[in-house]
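# Structural features, examined
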Amino acid sequence: MMIQVENLKKSFGENEVLKNINVSVEKQEVVVVIGPSGSGKSTLLRCINQLESITSGHILIEGADISDKKANINKIRQDVGMVFQQFNLFPHMTVLENIILAPMKVKKIARDQAKEKAIELLKKVGLEEKADAYPDSLSGGQKQRIAIARALAMEPKMMLFDEPTSALDPEMVGDVLDVMKRLAKDGMTMVVVTHEMGFAREVGDRVIFMDGGYIVEENEPHELFSNPQEERTKAFLSKVL
Amino acid sequence: MGFRFDLIWGYGPLFLSGMMFTIGFSLAGIVFGTILGLIVSFGKMMKNKWLSAPFVCYIGFFRGTPLFVQILIIHFGVVPKILGQSNAIVAGVIALSLNEAAYIAEVFRAGIQSIDEGQTEAARSLGMSHWQAMRYIILPQAVKRVLPPMGNEFISLIKDSSLISAIAAPEMTYVATEMNAQYTLVWEPYLTIAFIYLILTLIMSFIVHRLERRMATK
Ligand SMILES: Nc1ncnc2c1ncn2[C@@H]1O[C@H](COP(=O)(O)OP(=O)(O)OP(=O)(O)O)[C@@H](O)[C@H]1O
Ligand SMILES: [Mg+2]
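Residues numbered from 1 in each chain as written. Chains lettered and ligands numbered in written order. Predicted model: local features only at pLDDT ≥ 70, side-chain atom pairs only at ≥ 80, totals over all residues. Heavy atoms only, no water.

All names here are of chain A. For the structure on display, the rule yields 16 salt bridges over all chains. A salt bridge links Arg-206 to Glu-29; its shortest N-O distance comes to 2.9 Å. Pair noted here: Arg-206 is in strand β9 (residues 206-211) and Glu-29 is in the loop between β2 (15-25) and β3 (30-34), with a separation of 177 residues, a long-range link. With respect to class, Arg-206 is no different from Glu-29; both count as buried. What makes Arg-206 buried here is its relative accessible area of 16%. (Salt bridge = Lys/Arg side-chain N within 4 Å of Asp/Glu carboxyl O. Helix = DSSP H or I, 4+ residues; strand = E, 2+ residues; numbered from the N terminus. Buried < 20%, exposed > 50% of the residue type's maximum accessible area, 1.4 Å probe, protein only.)

A word on the site of ligand 1. Residue and element names in this part refer to chain A. Around ligand 1, a shell composed of Phe-12, Val-17, Pro-36, Ser-37, Gly-38, Ser-39, Gly-40, Lys-41, Ser-42, Thr-43 and Glu-163 is seen. A distance of 3.0 Å separates an oxygen atom of ligand 1 from a polar atom in the backbone of Gly-40. One of the side-chain N or O atoms of Ser-42 is found 2.7 Å from an oxygen atom in ligand 1. The protein chains hide 59% of the 630 Å² of surface that ligand 1 would expose on its own. For the shell around ligand 1, the leading source of residues is helix α1 (residues 41-48), giving three residues. The residue makeup of the shell around ligand 1, split by class, is three nonpolar, six polar and two charged. (Near = heavy atom within 4 Å. Polar contact = N/O pair within 3.5 Å; in protein donor to acceptor, adjacent residues only side chain to side chain. Areas by Shrake-Rupley, 256 points an atom, 1.4 Å probe, with all protein chains shown as cover. Nonpolar A, V, L, I, M, F, W, Y, C, P; charged D, E, K, R; others polar.)

Tracing the sequence through the fold places His92(A) in the loop between β6 (80-83) and α3 (95-105). Of note is the side chain of His92(A), whose polar atom sits 3.4 Å from the side chain of Gln141(B).

Right, let's talk about the interface of chain B and chain A for a bit. Opposite the 19 residues of chain B that make contact, chain A presents 24 residues. Run the count over chain B and chain A and you get one salt bridge. Salt-bridge contacts for Glu121(B) lead to Arg46(A); the nearest nitrogen and oxygen are separated by 2.7 Å. Here chain B and chain A share seven residue pairs in polar contact (both at pLDDT 80 or more) between them. In terms of residues, the side of chain B that touches chain A owes the most to one element, helix α6 (residues 117-125) of chain B, which gives seven residues. Split by residue class, the side of chain B that touches chain A holds seven nonpolar, seven polar and five charged. (Contact = heavy atoms within 4.5 Å.)

Of all 11 residues in α3(A), nine are buried; the element is thus mostly enclosed. For α3(A), the set of buried residues is Val95(A), Leu96(A), Asn98(A), Ile99(A), Ile100(A), Leu101(A), Ala102(A), Pro103(A) and Met104(A). Contact partners of the buried residues in α3(A): α4 (111-124) and α5 (140-152) of chain A together with α7 (130-160) of chain B.

As structure tokens, this is what we get:
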């Protein structure tokens with residue numbers, strides 16, 4: 001089991017945003033998380049790599065409890081790549097520097113070796129000619145593909161995507177989804193928050209529907225989309241499909 | 001009676017040494033103030049309220065009281081307590097540095113906090129520690145942003161260093177007051193130093209602009 005979330009609760013002050021969440025993600029599984037705005041999807045992802053501290057419950061990454069005070073969170077995060085809606089590329093560095101920084105500083109990989117790997121990743125996302133460009137000169141779709149390459153450079157065992165295409169112009173969405181589809185095909189374990197139902201159908205092994213801080217329903221994509229069991233799922237799907 | 005250039009010329013060596021002292025005090029204030037200011041700004045940003053409290057008080061005191069009063073306290077109170085005797089140069093350097101640090105600390109803090117939270121999150125999600133994220137991601141971006149306001153602080157410091165003439169530190173304004181006392185001349189000494197201060201602050205803003213341009217293209 002790659003990710004195991006047990007009885008997770010998360011509150012911001014008085015506001016309980018995640019109410020007893022239980023999920024597990026197996027190796028090479030692609031889990032898609034859908035749900036209305038404010039349902040807690042981002043918060044769940046952010047708890048999984050401890051960008052938010054959890055209020056109660058447990059999160060295990062490859063069996064190691066990350067909510068344990070003694071857990072080395074920097075070490076665990078190396079195995080958990082994250083891609084953000086707003087890309088969060090480092091604007092003061094070139095594309096190449098963005099990609100090689102963490103491998104060099106965190107994993108202590110030699111510059112030449114990190115560079116070689118970075119070029120390989122840039123080829124994979126179709127942007128090798130942008131190695132020396134600065135992020136500000138790239139389109140949104142290009143930025144997001146670089147952000148994916150940057151996360152992959154740490155050779156993570158799993159990847160979390162938080163609405164990776166929501167900030168993109170429609171014509172850019174396809175390029176980013178293609179990269180993600182290939183990643184899924186290569187066997188990456190992925191948790192993807194998205195509104196792209198086509199993507200969920202095509203590459204998702206399982207879809208989780210969240211609402212109001214609960215997991216309301218989960219099933220394999222075809223089942224969930226064509227035969228939802230819960231009223232809230234039906235109501236949501238009738239709006240987005 | 002005309003403008004007595006001849007007397008200014010006669011005071012030339014004194015003005016020159018006064019100017020060197022003004023430059024020295026300013027540079028000391030800039031260097032020590034920046035180093036201390038960086039420390040104080042990190043102190044103030046600590047999450048633990050008890051740990052950050054002394055830094056908050058420090059900034060509050062030095063920004064909330066007149067520099068002139070600080071100079072008097074340090075010259076007549078603090079320095080004699082430490083050295084056993086008064087010393088205007090030491091007192092001047094300490095007062096300017098401590099005061100500058102409080103302002104620089106606030107400039108740094110504003111600069112660091114102006115960097116988008118997502119930058120830190122991206123860095124941390126790649127496995128970087130808090131300090132690695134600070135060093136490689138946040139500080140390089142913050143430095144670019146704080147350069148213009150820091151330049152303004154440095155310019156203020158050059159001008160404010162004139163206040164230490166009150167404790168007879170041998171800087172430029174003190175030389176001018178001496179000349180004023182000796183010849184009962186007003187325009188000659190004070191216009192002369194005003195002119196020199198202007199040159200110094202212009203040089204300072206030129207340097208800051210150059211740095212800004214260099215950083216912008218990098
Ligand atoms: N840092 C925070 N402080 C306080 N409240 C927060 C914080 N982050 C999120 N929330 C609240 O938690 C709830 C869930 O937010 P979250 O971002 O997880 O929703 P989401 O499902 O990702 O929504 P969206 O589709 O709009 O991204 C919201 O009500 C939000 O206001
Ligand atoms: Mg969200």
